[in-house]
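# Structure at a glance
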Amino acid sequence: MENLACLFRAAQLYGHAAHHNARGMTSYQDHEAFAELYAAYEEAYDSTIEQMIGLKMNPNIPNITKCACDKATSLADPALFKNEVAFGVLMQLELAIQQEIAAIYDASDIGTQNMLAQFVEDSQHRANYKIGQRLAV
């Protein structure tokens with residue numbers, strides 16, 4: 001689950017950076033959309049860490065943070081590109097989140113599976129509707 005936490009934190013960091021760098025004709029709307037996205041990633045990250053602690057997994061927060069920072073800084077810098085690039089990067093992160101959940105789902109207990117199922121539903125909604133519709137423009 002640490003890799004899932006890393007992905008949520010990386011998406012949160014990247015979405016926050018995109019939020020601060022939104023510009024152009026749709027800057028206000030994109031600024032607000034990025035804010036909504038990074039808040040959702042922050043909440044999912046927090047829930048993941050709390051679930052791990054509740055399951056006595058002892059998540060290594062410094063390692064998760066380093067993983068997230070490394071991943072976020074390896075992505076296209078939102079300050080250098082149009083907002084569409086940042087939305088595309090977040091779409092890639094959503095797909096990675098969904099793949100990670102699929103990889104850990106069957107080995108999880110029922111409570112964790114319920115949490116993961118909600119994460120997938122939320123991720124699909126963001127990817128298919130919020131981000132997907134923005135990329136379709």
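For the structure, check the block above.
Residues numbered from 1 in each chain as written. Predicted model: local features only at pLDDT ≥ 70, side-chain atom pairs only at ≥ 80, totals over all residues. Heavy atoms only, no water.

## Quick word on the overall build of the protein chain
- Tallying secondary structure elements over the protein chain gives five helices and zero strands in all.
- Helices and strands appear in the protein chain in the N-to-C order α-α-α-α-α.
- Its C-alpha atoms give the protein chain principal-axis dimensions of roughly 45 × 30 × 20 Å.
- For the protein chain, the proportion of its 137 residues judged to be buried stands at 41%.
- Partitioning the contacts of the protein chain with sequence separation of at least 6, the portion at a separation of at least 24 is 79%.
- For the protein chain, the accessible surface area stands at approximately 7400 Å², while carbon and sulfur atoms represent 54% of it.
- A distance of 7 Å separates the average location of the 9 positive side-chain charges in the protein chain from that of its 17 negative side-chain charges. (Helix = DSSP H or I, 4+ residues; strand = E, 2+ residues; numbered from the N terminus. Buried < 20%, exposed > 50% of the residue type's maximum accessible area, 1.4 Å probe, protein only. Contact = heavy atoms within 4.5 Å. Areas by Shrake-Rupley, 256 points an atom, 1.4 Å probe, with all protein chains shown as cover. Lys, Arg positive; Asp, Glu negative; His and termini not counted. Charge placed at Lys NZ, Arg CZ, Asp CG, Glu CD.)

## Observations concerning the packing of helix H1 (residues 2-21) against helix H4 (residues 83-105)
- Two elements in contact, H1 and H4, have axes separated by 10 Å at closest approach and are oriented at 170°. Our classification of the angle between H1 and H4 gives roughly antiparallel. The two elements H1 and H4 cross, and the hand of that crossing is left-handed. Residues Asn-3, Leu-4, Leu-7, Phe-8, Ala-11, Tyr-14, Gly-15, Ala-18 and Asn-21 of H1 touch H4, and the partners they reach there are Asn-83, Ala-86, Val-89, Leu-90, Leu-93, Ala-96, Ile-97, Glu-100, Ile-101 and Ile-104. (Axes fitted to C-alpha atoms, helices over the stretch in contact; angles between N-to-C directions. Parallel < 35°, antiparallel > 145°, perpendicular 65-115°, else oblique. Left-handed = near helix turned anticlockwise from the far one by under 90°.)

## Focus: the packing of aromatic side chains
- One pass over the full model with this rule turns up two aromatic pairs.
- Considering the side-chain rings of Phe-8 and Phe-119, the 5.1 Å spacing of their centres and the 75° angle between planes classify their relative orientation as edge-to-face. Here Phe-8 is found in helix H1, whereas its partner Phe-119 is found in helix H5 (residues 110-136), with 111 residues between them in sequence. Taken individually, Phe-8 and Phe-119 each receive the classification buried, so the pair is uniform in this respect.
- Considering the side-chain rings of Phe-34 and Phe-87, the 4.2 Å spacing of their centres and the 20° angle between planes classify their relative orientation as stacked. Highlighted residues: Phe-34 in helix H2 (residues 27-54) and Phe-87 in helix H4, separated in sequence by 53 residues. The same class applies to Phe-34 and to Phe-87, which are both buried.
- If you follow Arg-9 out to its NZ or CZ, it ends over the ring of Tyr-45, 3.9 Å from the centre. (Phe/Tyr/Trp six-rings, centres within 6.5 Å; stacked < 30°, edge-to-face > 60°. Lys NZ or Arg CZ within 6 Å of the ring centre and 35° of its normal.)

Without other data, these values stay purely geometric and don't point to any function.
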